[in-house]
Amino acid sequence: MAHILVLGASGFLGTHVCEKMVNKEWQITAPTRRWAHAENLLIYPFMDVLELDVHDEATLHRTVAGHDAVVNLVGLLHGTQAAFDHVHVALPHKLARACAAQGVKRLIHISALGADAQRPEAAPSMYLRSKSRGEAVLMDAAGEGAQERFDLHILRPSVMFGAGDRFLNRFARLQKHLPFVPLACAHTRFQPVWVEDVASAVVHCLEPDALASIPPRPPLLELCGPQVFTLEQLVRLAAQIVGIREGRGRPVIPLPRWLGYLQAAVMELLPGEPLLSRDNLDSMRIDNVASGLWPGLEALGITPAALLPIAQDYLSRLQPNYGLLGIRQRAH
């Protein structure tokens, strides 16, 4: 039985990854800062949930020991430069040292589409620069040829969609309450990928024969769906599926860049995690689509799923006539 350490197991992607591992009867170790954050994992067999701080290097070394592979899904969407570097650069560095010291032979790391390990400072946002530097740290630590310390796979997904996402669900819910949608970066293009496809890619890379089907180093894969949408098209699609204004949605008003930054600055001042930050807008200065320079899901034998049929399934639950209430309403 494979023993896999999964960092970030309780997150959106992590839950799907763990479910697929459980189906293979792999033994999973899932560290978490607080038990309450991992309640969604406790129902699974073959799951060992540990309450600990993975950023403490001594603790991380002890936790890594005895595992066949490590999967790093830990990521941060909002924060300061220091916070991004702490999560996206320092943690991968500590993790690489732990894997090398404890003899772990395989490390799977989730990065982001738009990261560039060769030119980290060319990335437009703190988020993407930190993701790029994290990749560079891991590539250097893994080594090559006779100096190779562990097998490394870096996966760069586009924005992920699926039931419970913070992407299309957010667009749909906002339009239930707003009279119109003021939208920054309305024409930025995205190539959304289904979270289940990304989870399948992670698990595939952990299979014993995975190296035979993945092109040579550097071990990079860009995980994208089959379709490209502008941000405005995605907002309108969410409204159409949910049936807001009979599918017409709210009027979308594209904002000039300066006004978008002003909007984001105000959102950053509100309590809780912001809906949008200025760094998010910096990331959207470039399209979030496959570069064509690296293999994708097809290289793993995975056919990327189209967005619309899947989004229709889970967004339809937000319709006012969904479920038993809808049946009752239609009966009158």
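As shown above, the structure is provided for reference.
Caption draft 1: Molecular detail of the sheet that holds strand E4 (residues 69-72). On the basis of which strands lie adjacent, the open sheet formed by seven strands has the order E3-E2-E1-E4-E5-E6-E11 and parallel pairing. The open sheet has two free edges, formed respectively by strand E3 (47-51) and strand E11 (220-223), since each of these has just one partner strand. For this sheet, the mean angle separating the axes of adjacent strands, direction not counted, is 20°. Bridge count between strand E6 (residues 151-157) and E11: four bridges; the pairing is parallel. When the sheet's bridge partners are listed, Ile154 is paired in E11 with Leu220.

Caption draft 2: Here's a closer look at the environment of Pro256. Within the secondary structure, Pro256 sits in the loop between strand E13 (252-255) and helix H9 (257-269). Since its relative accessible area comes to 38%, Pro256 is described here as partly exposed. Sequence-wise, Pro256 and Cys185 are 71 residues apart; in three dimensions their C-alpha atoms are separated by 7.9 Å.

Caption draft 3: Main features of the layout of surface pockets. Roughly 390 Å³ of volume is contained in the second largest pocket. Surrounding the second largest pocket, 23 residues form its lining, Gly114, Ala115, Asp116, Arg156 and Ser291 being those nearest its centre. Partitioned by chemical class, the residues of the lining of the second largest pocket number 14 nonpolar, four polar and five charged.

Thresholds applied
- Residues numbered from 1 in each chain as written.
- Predicted model: local features only at pLDDT ≥ 70, side-chain atom pairs only at ≥ 80, totals over all residues.
- Heavy atoms only, no water.
- Pairing = 2+ DSSP bridges.
- Helix = DSSP H or I, 4+ residues; strand = E, 2+ residues; numbered from the N terminus.
- Axes fitted to C-alpha atoms, helices over the stretch in contact; angles between N-to-C directions.
- Buried < 20%, exposed > 50% of the residue type's maximum accessible area, 1.4 Å probe, protein only.
- 1 Å grid on protein atoms, 1.4 Å probe; cavity = no way out; pocket = protein on both sides within 12 Å on 5 of 7 lines; lining within 4 Å.
- Points joined across faces, edges and corners; volume = space filled by probe spheres on them.
- Nonpolar A, V, L, I, M, F, W, Y, C, P; charged D, E, K, R; others polar.

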